[in-house]
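# Structural overview for review
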Amino acid sequence: MIRVLFIAILTASIFSGCVSKPKIHPNTSFIKINLPKNIEESLISHDITLAINMPTGTAIKSSKITYIDSNNLRKNYAYHRWSNFLTLQIQEFFVHSIAKTNLVFDVAKAQNRVDPTLILEIDISEFAQYIDKNENSKVVVSGSMRFLNPKEKKALFSKTFIYEEKMENLGVNELSLAYDRVFALWLKDTLKIIDNLGESYAR
Amino acid sequence: MEHRVRYVFLGAFVFGLFLAGAWAILWQSKYAHNESFVYFKVQTAETVSGLNEKAPVKLLGVSVGEVSTLYINPNDSESVDIIVKVKAKTPIKEDTYAIIEPQGITGLSYLLLEGGTRGAKLLKVSNDKDDENMGTIFTKPSLLSKVDKSFESIVEKIELLLESANKVLESSHSFVNENNMKYVEDILKDSAQATKSLANISKSLASKEKELDLITNNIIILEKEIIEAAKAVKNMSILGGDTMQSVSSSAKSVEQTMVLLSEKASEGMFDISSVAKDAALPLINSLYEMEILIGQLKSFIQNLENSPSDLLYKKSMQAPAPGEEL
């Protein structure tokens, strides 16, 4: 009798697995840095071959989306990621968007076999979303950038930057749009610097 | 007079009613039938719960008798002897076997006889249920018993499986212990240092460009001097006569070689910095990728330290960010 009872309980416990709630992790979704839609072609094309180095900084050596809460603790989004490592995305963003403007003769990644006349180095110190107690949020990208003469290994121009964009609501879509706005501003400033350098510095 | 007649009829009626009742009882208990029975013994090592005295005995589904008595074999405490009463003409063969089958959901059971091939001999019959030498019918396990055994086997296998899983977990735990983590961390640190040194070497190679150019220029100057020396040797050889002719031809070949070298040098064949740069480019790409990989490995190890069981089962769930929706 005890054996029959044991078998019945065992069978019930085995088949109870069929009705239990599955513990499956939700699928991860990805976002990326988008090129600005309204990139204007430059009227002047400077005789510069620009190489963009792989950006450095620990804040961007990951594909996790980081936010900083009201207690100043760094955390990551659970179900969303950058579609690629930020360091690669930022480099590609500048290569493609500057190429689209036709502001310079050529623009390439530093890993390419091109002999550059100007090198852009980027170092990122902060790349995160800040959320305060009242759930007001903003994205912050800060760091430094410099343009180098590859022959003399001398900085032609150097500056630090900090870009902040407020978010109207919390959420990944709003976050992605805020980062897009930051990159549009950053690109605009970078193009101005290249234009100024182009007038004084050429191959 | 009339009273006495009535009592006789009444007595006859009561007597007749008694006889009819007795006949009905005998008819119902089948005493009326002149049917003879024989006895067999059924031996089983299974539990006989649900099988009682008077439980039907069926041969191929036909009711052929009933269970007479059941008792534990006094000589073997693990087996049960069932004495069955079967109609005399029932063909119980030596290869007939018995199965205890349940009767629906009531919990009662009956004895099903099966087997009994045509060619087999008839089993020894006994007219006395206490006969010690009566024919014995052996049993086969019932469906419930088979299921029971199967479950026992499954349970044993599950136990074995759990034991193996436990061993695997223990071994994985020993693999992911603190010491090994430390070693892996040390290896990663060393790799990072090696990567930095390689990057420094490639940078220093690129920075030595000027020095390399200087070396190339010196080689060219040296080459010119060698050519002049060769010319002097040539003159000497002319002056020195036939014995110096071989020296002269050697000098010529040296001169030609030097001219060729000079041409190649001017074409940039010995531009070491350019060669070094070409060779270093794929290395630099690999270093970038290695740097990213090391970052990922560090993150992975950190997660593993927080939750070692994630190596086999993804258990740890991260809390979503504010406003994060699936």
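The following paragraphs examine the structure supplied in this document. (Residues numbered from 1 in each chain as written. Chains lettered and ligands numbered in written order. Predicted model: local features only at pLDDT ≥ 70, side-chain atom pairs only at ≥ 80, totals over all residues. Heavy atoms only, no water.)

### Let's talk about the overall build of chain A
- Across its full length, chain A holds three helices and eight strands.
- Each helix (α) and strand (β) of chain A, taken in turn from the N terminus, gives the series α-β-β-β-β-α-β-β-β-β-α.
- Across chain A, contacts joining residues at least 24 apart in sequence account for 70% of those joining residues at least 6 apart.
- Put simply, chain A shows about 11500 Å² of open surface, and 52% of that area lies on carbon and sulfur atoms. (Helix = DSSP H or I, 4+ residues; strand = E, 2+ residues; numbered from the N terminus. Contact = heavy atoms within 4.5 Å. Areas by Shrake-Rupley, 256 points an atom, 1.4 Å probe, with all protein chains shown as cover.)

### Some words on the interface of chain A and chain B
- Counting residues at the interface gives 30 residues for chain A, matched by 27 residues for chain B.
- Between chain A and chain B, the buried area comes to about 2600 Å², and carbon and sulfur atoms account for 63% of it.
- Joining chain A to chain B, the criterion identifies one salt bridge.
- Between lysine 61 of chain A and glutamate 291 of chain B there is a salt bridge; the shortest N-O distance is 2.3 Å.
- Run the count over chain A and chain B and you get four residue pairs in polar contact (both at pLDDT 80 or more).
- Only α1 (2-19), β3 (64-68), β4 (74-82) and α2 (86-101) of chain A provide two or more residues apiece to the side of chain A that touches chain B.
- Taken together, the residues that form the side of chain A that touches chain B break down as 16 nonpolar, eight polar and six charged. (Buried area = accessible area lost by both parts, 1.4 Å probe. Salt bridge = Lys/Arg side-chain N within 4 Å of Asp/Glu carboxyl O. Polar contact = N/O pair within 3.5 Å; in protein donor to acceptor, adjacent residues only side chain to side chain. Nonpolar A, V, L, I, M, F, W, Y, C, P; charged D, E, K, R; others polar.)

### Topic: the side chain of threonine 66 of chain A
All names here are of chain A.
- For threonine 66, the location among the structural elements is in strand β3.
- Within the local environment of threonine 66, its side chain forms a polar contact with the side chain of asparagine 76, the two groups lying 3.3 Å apart.
- Apart from residues lying up to four places away in sequence, threonine 66 is in contact with Arg74, Lys75, Asn76, Phe127, Ala128 and Gln129.

### A few points about the pairing of strand β4 (residues 80-87) of chain B
All names here are of chain B.
- Judged by how many residues are buried, β4 sits mostly within the fold: seven of eight residues are covered.
- Pairing of strand β1 (residues 37-44) with β4 involves eight bridges; the strand directions are antiparallel. Paired with glutamine 43 across the bridge in β4 is aspartate 81.
- Examined bridge by bridge, strand β3 (residues 62-72) and β4 share seven bridges and lie antiparallel to one another. (Buried < 20%, exposed > 50% of the residue type's maximum accessible area, 1.4 Å probe, protein only. Pairing = 2+ DSSP bridges.)

### Regarding unusual backbone geometry
- The phi angle at glutamate 135 of chain A is positive, at roughly 65°, despite the residue not being glycine.
- With respect to the element layout, glutamate 135 of chain A can be found in the loop between β6 (118-131) and β7 (137-149).
- The backbone of lysine 54 of chain B sits at a positive phi, close to 75°, despite the residue not being glycine.
- Note that lysine 54 of chain B resides in the loop between β1 and β2 (56-59).
- Note on lysine 54 of chain B: relative accessible area 62%, which makes it exposed.

### Digging into α2 of chain A
Residues and elements named next belong to chain A.
- Between the first and last C-alpha of α2 there are 22 Å, a value that for 16 residues agrees with the 22 Å anticipated at 1.5 Å per step.
- Residues of α2 that are buried include every one of Leu86, Thr87, Gln89, Ile90, Gln91, Phe93, Phe94, Val95, Ser97, Ile98 and Thr101, and no others.
- Taken from the residues just after α2, asparagine 102 is the one with a positive phi, measuring 60°. (Expected span 1.5 Å × (residues − 1).)

### Remarks on the pairing of strand β6 (residues 109-115) of chain B
All names here are of chain B.
- Taking burial as the measure, the seven residues of β6 include five buried ones, the bulk of the element.
- Pairing of β2 with β6, which is carried by three bridges, proceeds in the parallel orientation. Bridge pairing in β6 places lysine 58 opposite leucine 112.
- Where strand β5 (residues 96-102) lies against β6, seven bridges are found, and the strand directions are antiparallel. Paired with isoleucine 100 across the two strands is leucine 111, which belongs to β6.
- With antiparallel pairing between neighbouring strands as the criterion, β5 and β6 make up a hairpin whose turn holds six residues, including glycine 104 at a positive phi of roughly 60°.

### Focus: a nonpolar patch on the surface
All names here are of chain B.
- Taken together, the side chains of Val168, Leu169, Leu293, Leu297, Phe300, Leu311 and Leu312 present a nonpolar region at the surface, about 590 Å² in accessible area.
- Element by element, the count of residues in the nonpolar patch is highest for helix α6 (residues 272-306), at three residues.
- By the element assignment, leucine 311 lies in the segment after α6.
- On the accessibility criterion, leucine 311 (40% relative accessible area) is partly exposed. (Patch = residues over 30% accessible without salt bridge, like charges linked within 9 Å, V, L, I, M, F, W, Y side chains within 5 Å.)

### Side note on helix α3 (residues 178-207) of chain B
- Across its 30 residues, α3 of chain B extends 43 Å between first and last C-alpha, which sits within 8% of the 44 Å expected from 1.5 Å per residue.
- Turning to α3 of chain B, its buried residues are Met181, Leu188, Thr195 and Ser202 of chain B.

### So, the packing of aromatic side chains
- Tallied over the full model, the rule gives 13 aromatic pairs over all chains.
- Centre to centre, the rings of phenylalanine 127 of chain A and tyrosine 179 of chain A are 4.9 Å apart; their planes meet at 10°, and the pair counts as stacked. Taken together, the residues span a long stretch of sequence, with phenylalanine 127 of chain A in strand β6 and tyrosine 179 of chain A in helix α3 (residues 172-200) at a distance of 52 residues.
- Look at phenylalanine 127 of chain A and you get buried, because its relative accessible area is 2%.
- Since its relative accessible area comes to 2%, tyrosine 179 of chain A is described here as buried.
- On the basis of an interplanar angle of 35° and a centroid distance of 4.6 Å, the ring pair of phenylalanine 161 of chain A and tryptophan 186 of chain A is categorised as tilted. Remark: tryptophan 186 of chain A occurs in helix α3 and phenylalanine 161 of chain A occurs in strand β8 (residues 154-167); sequence separation between them is 25 residues.
- Grouped by ring-pair contacts, the aromatic residues Trp82, Phe93, Phe94, Phe127, Phe161, Tyr163, Tyr179, Phe183 and Trp186 of chain A constitute a single cluster.
- We note lysine 58 of chain B situated over the ring of tyrosine 110 of chain B; from NZ or CZ to the ring centre the distance is 4.8 Å. (Phe/Tyr/Trp six-rings, centres within 6.5 Å; stacked < 30°, edge-to-face > 60°. Lys NZ or Arg CZ within 6 Å of the ring centre and 35° of its normal.)

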